[in-house]
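Each chain, written out:
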There are 2 protein chains.
Amino acid sequence: VKVYLDCFPCFMRQALDAARMATDDTMVQRRVLDEVAKLLPTVPLDATPIDIGQLIHRLVREITGVADPYKKVKRESNDLGLKLYSYLKSEIEASEDPLLMALNIAGAGNIIDFGPKLALDSNTSMEEILKGSFTQALQNQLNQADYDSFKHKLENVEGVLYLGDNTGEIVCDKLLIEQLLKVGKKVTFVVRDKPTINDATLEDAVYVGLDKLATVMLNGSDAPGTRLKDCSSEFRHLFECSELIISKGQGNFEGLSEVPGPIFFLFKVKCPVIAREVDTNIGAIVLKEQIAEKVPK
Amino acid sequence: VKVYLDCFPCFMRQALDAARMATDDTMVQRRVLDEVAKLLPTVPLDATPIDIGQLIHRLVREITGVADPYKKVKRESNDLGLKLYSYLKSEIEASEDPLLMALNIAGAGNIIDFGPKLALDSNTSMEEILKGSFTQALQNQLNQADYDSFKHKLENVEGVLYLGDNTGEIVCDKLLIEQLLKVGKKVTFVVRDKPTINDATLEDAVYVGLDKLATVMLNGSDAPGTRLKDCSSEFRHLFECSELIISKGQGNFEGLSEVPGPIFFLFKVKCPVIAREVDTNIGAIVLKEQIAEKVPK
């Protein structure tokens, strides 16, 4: 996904949100906005939104001196996910097609994202918003062809590379991974190397117990999405060799939408730019097989 | 009203909206965004939002070479207002208190504003949005004390200085001015000197027939609101001498909120910053007497 002009106001808004998470000092918040404003004219048109997101959140951390502005909301999100875990597990197990239901719930959990402009900062509590997203998940609006293809490909692989996205959401990922384990697949769960927005890191994966189920791996990057050129060579190697990749969230989609591979994107659409890219509405839960093909050498 | 940090992302969004009104060329749109981004770090904290709005819309006009980007929507807004004129007039005349109803309708018409981020650019037509605003107006939620004070002050003056805001809305202003004439007041109706956003200019006032009812006066400025220091000395003199001033819209409020005078602000609240300033919700129609007092010399 290339940066759209619509992203420019959104970058400023995202910088302000993050600066406010980090500090109450409005002069420092203003300095963040000024530095982001200076950055914008340098943005190349072939950048992806997460290329710029990475720079913005680095600026926020540098200028405010706060290494992890979203620390508190990340913990709250994880706790909320864990609180709902049993309920969601029973929904999955009571379902006719537990794998499909687990995909839906993992997609619905992607609502816990502090990057895009969301209802998350309004008067509605995160719990209410999350529950609304799960109610939607129970209705399964995933594309049938993409799901059939996913099931078919899953049958023929030994393991799955699972690219995580946000805190809280990772509890939903855990539920999906349990279904993958049930059909005998090995899972490697990938997290960001350093804190960025409310994205899950190693600490979060361990906090919700993902390390008990999957091999947890750092991707070597602090971008709020998978920027391959920014990732460690170990991760890139594993990515290249993987037979099946589940890529969670908008940020990972932004970075990988044009990267050929056996990728299934699973996310909640949260902004007009991405809604246009995948030709659906804001709020939709999307499972989407990668259509980009390798250019023959 | 001083600029808030929340205004910064909104300035970028407003610049993009205006650039898109002016041209389909995304490279030119990008150039507008870059220049506005460069402007933002220079914004002094004691600026008002319309100080910056004026600079932004000048940049849009200069960079795109389009002198009046909103020309088409302004004409459409005026035509829509004229189409609804008879219906609104009958509502006013059938009302128990025609003056109060005319104030409500003039406030409701202030929804036709292409500055703030609005539903105006969504799938809902401007006519539907406007009608929704009038339905709200029929319920009269104006502050009773402010209305009582307005009525009382109106009784004791010869004339009213009426600061117009947007195209289309000026048809609603015409309806209120008819009520003012009915009780024997003279009205001077003030428009922007040059096009800025969808604000009414002399051409618009003549188009809807306001010149037949009131003395129409230019304020000497191209700011999207009343910036006194930017207005002509003729206007400033009249402003100083006026016994009663009706100031329509957020932009005029932003410029005059701290200027002492016999001012009644009448507008629809359209952004969180102004909602906070007047302690009400987005969407509210507000009649508000000026509380700022002259500092003794």
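Residues numbered from 1 in each chain as written. Chains lettered and ligands numbered in written order. Predicted model: local features only at pLDDT ≥ 70, side-chain atom pairs only at ≥ 80, totals over all residues. Heavy atoms only, no water.

(A) Examining the overall build of chain A more closely. What chain A contains, in helices and strands, is 12 helices and 6 strands. For the C-alpha atoms alone, the extent of chain A along its principal axes is close to 55 × 50 × 35 Å. Out of the 297 residues in chain A, the part that is buried amounts to 60%. Once local pairs closer than 6 in sequence are excluded, the contacts in chain A between residues at least 24 apart make up 73%. (Helix = DSSP H or I, 4+ residues; strand = E, 2+ residues; numbered from the N terminus. Buried < 20%, exposed > 50% of the residue type's maximum accessible area, 1.4 Å probe, protein only. Contact = heavy atoms within 4.5 Å.)

(B) Fine view of the sheet that holds strand 1 (residues 159-163) of chain A. All names here are of chain A. Spatially, 6 strands are ordered 3-2-1-4-5-6 in an open sheet, and the strand pairing comes out mixed. Edge strands, defined here as strands with exactly one partner in the open sheet, are strand 3 (215-218) and strand 6 (285-289). Within the sheet, the average angular offset between the axes of one strand and its neighbour, ignoring direction, is 20 degrees. The pairing of strand 1 with strand 2 (residues 186-191) spans 5 bridges and is parallel. Bridging across to strand 2, Gly-159 finds its partner in Lys-186. This element, helix 10 (residues 233-241), spans strand 1, strand 2, strand 3, strand 4 (245-248) and strand 5 (263-268) of the sheet and lies at about 130 degrees to strand 1. (Pairing = 2+ DSSP bridges. Axes fitted to C-alpha atoms, helices over the stretch in contact; angles between N-to-C directions.)

(C) Geometry of the packing of aromatic side chains. Counted by the stated rule, this structure contains 14 aromatic pairs over all chains. Ring geometry for B:Tyr162 against B:Phe189: centres 5.4 Å apart, planes inclined by 35 degrees, an arrangement best described as tilted. On the criterion of sequence distance, the pair formed by B:Tyr162 in strand 1 (residues 159-163) and B:Phe189 in strand 2 (residues 186-191) is long-range, its members being 27 residues apart. Sitting over the face of the ring of A:Tyr85, A:Lys174 holds its NZ or CZ atom 4.9 Å from the ring centroid. (Phe/Tyr/Trp six-rings, centres within 6.5 Å; stacked < 30°, edge-to-face > 60°. Lys NZ or Arg CZ within 6 Å of the ring centre and 35° of its normal.)

(D) Geometry of helix 1 (residues 7-22) of chain B. The end-to-end C-alpha distance of helix 1 of chain B, which contains 16 residues, comes to 22 Å, matching closely the 22 Å that a straight helix rising 1.5 Å per residue would cover. Among the 16 residues in helix 1 of chain B, 12 count as buried, and that is most of the element. Within helix 1 of chain B the residues assigned to the buried category are B:Cys7, B:Phe8, B:Pro9, B:Phe11, B:Met12, B:Arg13, B:Gln14, B:Ala15, B:Leu16, B:Ala18, B:Ala19 and B:Ala22. In this fold, the buried residues of helix 1 of chain B make contact with helix 1 (7-22) and helix 2 (26-39) of chain A together with helix 2 (26-39), helix 3 (49-64) and helix 12 (272-277) of chain B. (Expected span 1.5 Å × (residues − 1).)

(E) Inspection of the side chain of A:Gln179 at higher detail. Residues and elements named next belong to chain A. Here Gln-179 lies in helix 8 (residues 169-182). Given the relative accessible area of 9%, Gln-179 is considered buried. Apart from residues no more than four positions distant in its own chain, Gln-179 is found in contact with Ile-92, Pro-98, Leu-99 and Ala-102.

(F) Region of the structure containing the interface of chain B and chain A. On the side of chain A, 21 residues touch chain B, which itself brings 21 residues to the contact. Taken together, the two surfaces of chain B and chain A that pack against each other cover about 1,800 Å², and 71% of this comes from carbon and sulfur. Scanning the region where chain B abuts chain A turns up 2 salt bridges. Among the ionic pairs, B:Asp6 bridges to A:Arg20, the shortest N-O distance being 2.9 Å. Across the chain B-chain A interface, the total number found is 8 residue pairs in polar contact (both at pLDDT 80 or more). For the side of chain B that touches chain A, the secondary structure elements donating two or more residues are helix 1 and helix 2 of chain B. (Buried area = accessible area lost by both parts, 1.4 Å probe. Salt bridge = Lys/Arg side-chain N within 4 Å of Asp/Glu carboxyl O. Polar contact = N/O pair within 3.5 Å; in protein donor to acceptor, adjacent residues only side chain to side chain.)

(G) The sheet that holds strand 3 (residues 215-218) of chain B, seen in detail. All names here are of chain B. Taken together, 6 strands build an open sheet; the order of strands is 3-2-1-4-5-6 and the sheet is mixed. Edge strands, defined here as strands with exactly one partner in the open sheet, are strand 3 and strand 6 (285-289). This sheet shows a mean twist of 20 degrees between the axes of neighbouring strands, independent of strand direction. Bridge count between strand 4 (residues 245-248) and strand 5 (residues 263-268): 4 bridges; the pairing is parallel.

(H) Spotlight on helix 7 (residues 144-155) of chain A. Between its first and last C-alpha, helix 7 of chain A extends 17 Å over 12 residues, near the 16 Å set by a 1.5 Å rise per residue. As for helix 7 of chain A, its buried residues are in contact with helix 5 (98-108), strand 1, helix 8, strand 4, strand 5 and strand 6 of chain A.

(I) Just the relation of the copies chain B and chain A, in detail. Structural alignment of chain B on chain A gives an RMSD of 0.0 Å, achieved by rotating through 180 degrees and translating 0.0 Å along the axis. Taken together, the rotation angle and the small translation identify this as a two-fold axis. A shared interface surface links the copies, since 100% of the contact residues of chain B are contact residues in chain A too. (Least-squares fit on C-alpha atoms with pLDDT ≥ 70 in both.)

(J) Molecular detail of the pattern of salt bridges. In total, this model carries 44 salt bridges over all chains according to the counting rule given. B:Asp173 is the salt-bridge partner of B:Lys248, the closest N and O atoms lying 2.5 Å from each other. Placement of B:Lys248 in strand 4 and of B:Asp173 in helix 8 (residues 169-182) is noted, with a sequence separation of 75 residues between them. Each of A:Asp6, A:Arg276 and B:Arg20 takes part in one network of salt bridges that share partners.

(K) Representation of unusual backbone geometry in the model. All names here are of chain B. Non-glycine residue Asn-140 carries a positive phi angle of around 40 degrees. Within the element layout of this structure, Asn-140 appears in the loop between helix 6 (126-138) and helix 7 (144-155). Residues other than glycine seldom take positive phi values, yet Asp-279 does so here, at roughly 55 degrees. When you line up the elements, Asp-279 lands in the loop between helix 12 and strand 6.

(L) Region of the structure containing the packing of helix 1 of chain A against helix 2 of chain A. Residues and elements named next belong to chain A. Packing of helix 1 against helix 2 leaves a shortest axis separation of 9 Å and a crossing angle of 150 degrees. Judged by the inter-axis angle, helix 1 sits roughly antiparallel to helix 2. Considering the relative orientation of helix 1 and helix 2, their crossing is right-handed. Facing Phe-11, Met-12, Ala-15, Leu-16, Ala-19 and Arg-20 of helix 1, the residues of helix 2 in contact are Gln-29, Val-32, Leu-33, Val-36 and Ala-37. (Parallel < 35°, antiparallel > 145°, perpendicular 65-115°, else oblique. Left-handed = near helix turned anticlockwise from the far one by under 90°.)

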